[in-house]
Every structure is written in structure tokens, then in C-alpha cells.
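Structural features, examined
Below, each chain spelled out in residue letters.
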Amino acid sequence: MLLKPDTVQRGLVGTILSRFEAKGLKLVALKLRQFPRGHLEKHYEVHKARPFFDSLVSYMSSGPVVALALEGKDAIGVVRTMVGVTNSREAAPGTIRGDFGMSFSNNLVHASDGADTATFELGHWFGDAAEVCEWEPADLGWRYNIAEELA
Ligand code: CMP
């Protein structure tokens, strides 16, 4: 995931991150940095031909972003449900975009949309494997029914 420059500028990093932690997703990587245009162009390469590509890259490189990785059962779908639809004005109440945003383009967060994208994005944002922490929450057996859900 990315917490976009509007999230950082508006002081919403902790508020948004806490939703994923409280949900029970496991935080395995986290960094705050202003990234160069080239890095964002590669991240959004799939949108290269779209009319909004240049302004998207300008916005995303205009200030620090937080890159993070979460783990959990069905994590990609769970996160996308929590994030809401792309246009924040149409996002359902209770979702991150629905609760905190009014914009289509400045929509607070980016979340990988599938397993292949997640694999590419994880390598792109956390190229050094040591940046991704393998750990087990002490309360894992309370977050899940391990025998039924994690076998
Ligand atoms: P994201 O989930 O990061 O994926 C691509 C981003 O492009 C999207 O969130 C928006 O920030 C932006 N975006 C997508 N569609 C449009 C659009 N029609 N106009 C402006 N920005 C868009």
C-alpha cells in the first residue's frame, strides 16, 4: 500500500494506519520518503497512456509518501474493501476514502489490486528483502481460528 502525499500532508498517517492494525492485518514493512518521478512512473506504468498520468506522477512525487506492506488471510481483498472505490466522493462511509476524502485523484491511499500487482509492487517499494519483516503476532490465535482458517 501507499499512503499518498495528501494523507501525509493532512496528518492522517496514524489514523489510517491504525485502521489496518486494528483490523488484525500484520504490518511487515514501512517507510516514509519523497520518491523521485521515475520511481512513481514505474509504479504507475500500467496507467502510462491515460490522460491523468503526468498529473498523477507529479502529485505522487510532490511530497513524502508512506509505503507499507500488510499480511493476512485474503489481505488484498480485505484492504481494498477497507479503502473504498477510487473516487472518494462516491466511496462508502466506513471506508478510508469515504470517511476522509473528497477527491478522485487525491484519494489518500493506493492498494495493490491483485496478487501479481502486489508481487511487483512489493519488489518495487521494498527491493531489499531485509526491509520486509517476518514475525508472528503473539495473539495470532485470537485474530484467527488457526486450525480452521490458517491450516
Ligand atoms: P490508485 O488506486 O493509486 O490508482 C491509480 C490512481 O490514478 C488512482 O488511485 C487515482 O489517484 C488516479 N486516478 C485514477 N483515475 C483517475 C482519473 N480519471 N482522473 C484523475 N486521477 C485518476
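The paragraphs below set out a description of the structure included in this document. (Residues numbered from 1 in each chain as written. Predicted model: local features only at pLDDT ≥ 70, side-chain atom pairs only at ≥ 80, totals over all residues. Heavy atoms only, no water.)

1. Focus on the overall build of the protein
- Secondary structure assignment for the protein yields nine helices and four strands.
- For the protein, the sequential pattern of α-helices and β-strands runs β-α-α-β-α-α-β-α-α-β-α-α-α.
- Its C-alpha radius of gyration of 16 Å places the protein within 12% of the 15 Å reference for a compact globule of 151 residues.
- Seen along its three principal axes, the alpha-carbon backbone of the protein occupies a region of about 50 × 35 × 25 Å.
- Each of the 151 residues in the protein was classed as buried or not, and the buried ones make up 42%.
- In the protein, 71% of the contacts between residues at least 6 apart in sequence involve partners at least 24 apart.
- Of the roughly 8400 Å² of accessible surface on the protein, 54% is carried by carbon and sulfur atoms. (Helix = DSSP H or I, 4+ residues; strand = E, 2+ residues; numbered from the N terminus. Rg over C-alpha atoms; globule rule 2.2 N^0.38 Å. Buried < 20%, exposed > 50% of the residue type's maximum accessible area, 1.4 Å probe, protein only. Contact = heavy atoms within 4.5 Å. Areas by Shrake-Rupley, 256 points an atom, 1.4 Å probe, with all protein chains shown as cover.)

2. Focus on the pattern of salt bridges
- For the structure on display, the rule yields five salt bridges.
- Across the salt bridge formed by Arg 143 and Asp 139, the nearest N and O atoms sit 2.7 Å from each other.
- Judged by relative accessible area, which is 31%, Arg 143 ranks as partly exposed.
- Residue classification places Asp 139 among the partly exposed residues on the basis of a relative accessible area of 32%. (Salt bridge = Lys/Arg side-chain N within 4 Å of Asp/Glu carboxyl O.)

3. Overview of the sheet that holds strand 2 (residues 26-33)
- Pairing in this open sheet of four strands is antiparallel, and the strands run 2-3-1-4 from one edge to the other. On the outer flanks of this sheet lie strand 2 and strand 4 (109-110), each paired with one strand and no other.
- Where strand 2 meets strand 3 (residues 65-71), seven bridges bridge the pair, whose relative direction is antiparallel. From the neighbouring strand, Leu 30 faces strand 3, where its bridge partner is Leu 68.
- Set on the sheet, helix 2 (residues 13-23) makes contact with strand 1 (2-3), strand 2, strand 3 and strand 4; between it and strand 3 the angle comes to about 10°.
- Sitting on the sheet, helix 7 (residues 115-125) touches strand 1, strand 2, strand 3 and strand 4, and the angle it makes with strand 3 is about 130°. (Pairing = 2+ DSSP bridges. Axes fitted to C-alpha atoms, helices over the stretch in contact; angles between N-to-C directions.)

4. Some remarks on the site of the ligand
- As a structural note, the neighbourhood of the ligand is formed by Lys 4, Tyr 44, His 47, Phe 52, Leu 56, Thr 86, Arg 97, Phe 104, Ser 105, Asn 107 and His 110.
- Contact between the ligand and Asn 107: an oxygen atom at 3.1 Å from a side-chain N or O atom of the residue.
- Considered class by class, the residues forming the shell around the ligand number four nonpolar, five polar and two charged. (Near = heavy atom within 4 Å. Polar contact = N/O pair within 3.5 Å; in protein donor to acceptor, adjacent residues only side chain to side chain. Nonpolar A, V, L, I, M, F, W, Y, C, P; charged D, E, K, R; others polar.)

5. Observations regarding the packing of aromatic side chains
- What the rule picks out here adds up to one aromatic pair.
- Taking 4.6 Å as the distance between ring centres and 80° as the angle between the ring planes, the aromatic pair formed by Phe 35 and Trp 125 counts as edge-to-face. Of the two residues, Phe 35 is situated in the loop between strand 2 and helix 3 (37-43) and Trp 125 in helix 7; the sequence distance between them amounts to 90 residues.
- Its guanidinium or amino end placed over the ring of Trp 135, Lys 26 lies 5.9 Å from that ring's centre, counting from NZ or CZ. (Phe/Tyr/Trp six-rings, centres within 6.5 Å; stacked < 30°, edge-to-face > 60°. Lys NZ or Arg CZ within 6 Å of the ring centre and 35° of its normal.)

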